[in-house]
Amino acid sequence: MLVIQIFVLSAGENDIIHNYSNSNLVLRPEIEGTESVKSFFSNNRPDYAVEMLYTFPLAEPVIWRDLYIKLGSISTLEEITYFSERIHKNRKMFSRAYLIESVRRNRRIPDNGYGSEFKDYSVFAYLEEIVLGKGIYKIDYSIKETSMSITIRNVSNLSRLIKIVDRDNFYIKFVFYQQDNQLNAYLFGAYTLENKFIIDKVLKYPYSTLAKRVYTIFVKLMDGFHGINLEKDFPEYLRES
């Protein structure tokens with residue numbers, strides 16, 4: 001069954017809406033840059049999907065280039081640690097995370113820096129994740145006049161000793177857009193798991209596993225942008241009951 005986890009959090013407010021639903025996408029904004037979310041959802045029909053929408057008040061206009069640089073800091077994912085409920089201790093989420101030259105040339109290259117051109121851009125990354133396994137991802141950056149998006153999608157199988165996610169079946173999309181004096185951040189993540197007779201024994205809470213990765217990657221890449229401060233620990237309101 002496809003279940004979508006939905007919540008809305010406005011920074012500075014206490015109201016949090018958080019529930020599960022069997023309905024279609026409901027938080028996706030009708031703006032340029034989110035069409036691929038709808039397309040992935042319709043074509044792949046993932047087993048598990050999560051939507052999140054954050055709204056942050058701004059004291060000044062968004063400096064999109066600064067956000068572009070932050071979102072390019074893929075190697076910082078190696079710094080992420082989280083508390084594993086399964087083994088009851090802290091562990092690294094990514095043992096390795098870095099950009100590579102191409103799918104066929106797995107040589108590490110530097111993150112995009114301030115010397116990089118500010119434009120639409122695609123790059124490949126090698127990520128070795130503690131639960132989902134290792135694989136190669138394509139990362140797309142798209143810049144619009146008042147919005148920006150980053151799409152992360154696996155172009156190889158994700159595997160440990162067995163295949164965990166088939167190629168093109170893990171998908172994360174962050175879309176940032178400004179409305180009035182607010183910065184909105186739309187997050188979408190989805191996957192379909194393989195070899196479930198084994199994986200189900202490891203991933204007791206598949207929705208929380210997905211939501212934790214989407215949220216944690218988002219928080220790490222944002223990392224204080226425009227003074228935005230989100231808790232780095234996985235929040236209770238996202239946990240699967």
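For clarity, every value in this text was computed on a predicted model and none was experimentally measured.

Trainee: For this particular structure, what's the right way to read the overall build of the chain?
Mentor: Within the chain one finds four helices and 13 strands. Out of the 241 residues in the chain, the part that is buried amounts to 52%. Within the chain, contacts between residues separated by at least 24 positions form 60% of all contacts whose residues are at least 6 apart in sequence. A total of about 11,800 Å² of accessible surface is found on the chain, and carbon and sulfur atoms cover 47% of it.

Trainee: Help me out: how do you make sense of the pattern of salt bridges in this one?
Mentor: For side chains of opposite charge, pairing can occur when their charged atoms come near one another. Taken as a whole and judged by the stated rule, the model has twelve salt bridges. Here R213 ties to E129 by a salt bridge, and the two come within 2.2 Å at their closest N and O atoms. Placement of R213 in helix α4 (residues 206–222) and of E129 in strand β8 (residues 121–129) is noted, with a sequence separation of 84 residues between them. Several salt bridges converge on common partners, so that one network encompasses E101, R105 and R107.

Trainee: I'm lost on the pairing of strand β9 (residues 133–143) in this one. Help?
Mentor: Along a regular strand, successive side chains alternate from one face of the sheet to the other. Within β9, eight of the eleven residues are buried, which leaves it mostly tucked inside the rest of the structure. The pairing of β8 with β9 spans nine bridges and is classified as antiparallel. By the bridge assignment, F124 is partnered in β9 with K138. Between the end of β8 and the start of β9, which pair antiparallel, lie three residues. Both β9 and strand β10 (residues 147–154) contribute to a ladder of seven bridges, which runs antiparallel. By the bridge assignment for β10, Y137 is matched with N154. Turn length for the β9-β10 hairpin, with the two strands adjacent in sequence and antiparallel, is three residues.

Trainee: For this particular structure, what's the right way to read helix α1 (residues 35–44)?
Mentor: Each α-helix winds once per 3.6 residues, and so residues spaced three or four apart point in a common direction. V37, F40 and F41 are the residues of α1 that are buried. The buried residues of α1 occupy an angular sector of 95° when the element is viewed end-on, so they sit on one face. Remark: R45 follows α1 within two positions and exhibits a positive phi of approximately 45°.

Trainee: In this structure, what is going on with the pairing of strand β12 (residues 163–179)? I would like to understand it.
Mentor: As judged from the seven bridges shared by β10 and β12, these two strands associate in the antiparallel manner. Paired with S147 across the two strands is Y177, which belongs to β12. Sheet topology note: the strand β11 (residues 158–159)/β12 ladder contains two bridges and is antiparallel. Paired with S159 across the bridge in β12 is K163. Where β11 hands over to β12, the hairpin turn is made up of three residues, counted between the paired strands. Judged from the eleven bridges that link them, β12 and strand β13 (residues 182–193) form a sheet pairing that is antiparallel. Looking at the pairing, F174 lines up with L187 of β13. What sits between the antiparallel neighbours β12 and β13 is a turn of two residues, in which D180 has the positive phi angle 55°.

Trainee: Looking at this model, I keep getting lost on the nonpolar core. Mind explaining?
Mentor: Nonpolar side chains in soluble globular proteins tend to be buried together. One finds Y54, F174, F176 and F218 to be the most contacted residues of the largest nonpolar core, which totals 62 residues. In terms of residue count, the dominant contributor to this core is α4 (ten residues). Ranked by size, the runner-up nonpolar core spans 13 residues in total, among them L27, F40, A49 and Y177.

Trainee: Can you help me understand the layout of surface pockets in this one?
Mentor: Taking a probe equal in size to a water molecule and rolling it over the atoms shows the remaining empty space. Estimates place the volume of the largest pocket at around 380 Å³. Lining the largest pocket are 18 residues, and of these E85, R86, Y205, T209 and K212 sit closest to its centre. Of all the secondary structure elements, the ones that give two or more residues to the lining of the largest pocket are β4 (81–84) and α4. Counting residues per element, the lining of the largest pocket draws most heavily on α4, which supplies four residues. Within the lining of the largest pocket, the residues separate by chemical class into seven nonpolar, three polar and eight charged. As a volume, the second largest pocket reaches approximately 180 Å³. As for the second largest pocket, its lining consists of E79, I80, T81, Y82, F83, N90, T216, V219, K220, K232 and D233. Those elements that provide at least two residues to the lining of the second largest pocket are β4 and α4.

What counts, and at which threshold
Throughout this document, residue positions are counted from 1 along each chain, in the order its sequence is written. Predicted model: local features are reported for residues with pLDDT of at least 70 only, side-chain atom pairs are reported and counted for 80 or more only, and whole-chain, interface and lining totals are derived from all residues. By convention in this description, side-chain values take in all heavy atoms of the structure and omit both hydrogens and water. Runs of H or I in DSSP of at least four residues are treated as helices and runs of E of at least two as strands, each being numbered from the N terminus. In this scheme, a residue with accessible area under 20% of its type's maximum is buried, one over 50% is exposed, and one in between is partly exposed, where area comes from a 1.4 Å probe on protein chains only. Two residues form a contact once any of their heavy atoms are found within 4.5 Å. Where accessible areas are quoted, they stem from the Shrake-Rupley method and a 1.4 Å probe; at the residue level, only the protein chains shown are allowed to cover. In the sections that follow, a salt bridge refers to a side-chain nitrogen of Lys or Arg positioned within 4 Å of a carboxyl oxygen of Asp or Glu. Pairing between two strands is assigned when DSSP locates at least 2 bridges connecting them. In this context, the arc is that of the directions from the helix axis out to the C-beta atoms. Among the buried residues, those of types Ala, Val, Leu, Ile, Met, Phe, Trp, Tyr and Cys that are joined through side-chain atoms within 4.5 Å form a nonpolar core. Any residue with an atom within 4 Å of a point lines the site, the site being either a cavity, points on a 1 Å grid over the protein atoms alone where a 1.4 Å probe fits but cannot get out, or a pocket, an open set with protein on both sides within 12 Å along at least 5 of 7 lines. Grid points are joined across faces, edges and corners, and a volume is the space filled by probe spheres set on the points. All amino acids are sorted into three groups, where Ala, Val, Leu, Ile, Met, Phe, Trp, Tyr, Cys and Pro are nonpolar, Asp, Glu, Lys and Arg are charged, and the leftover types, Gly among them, are polar.

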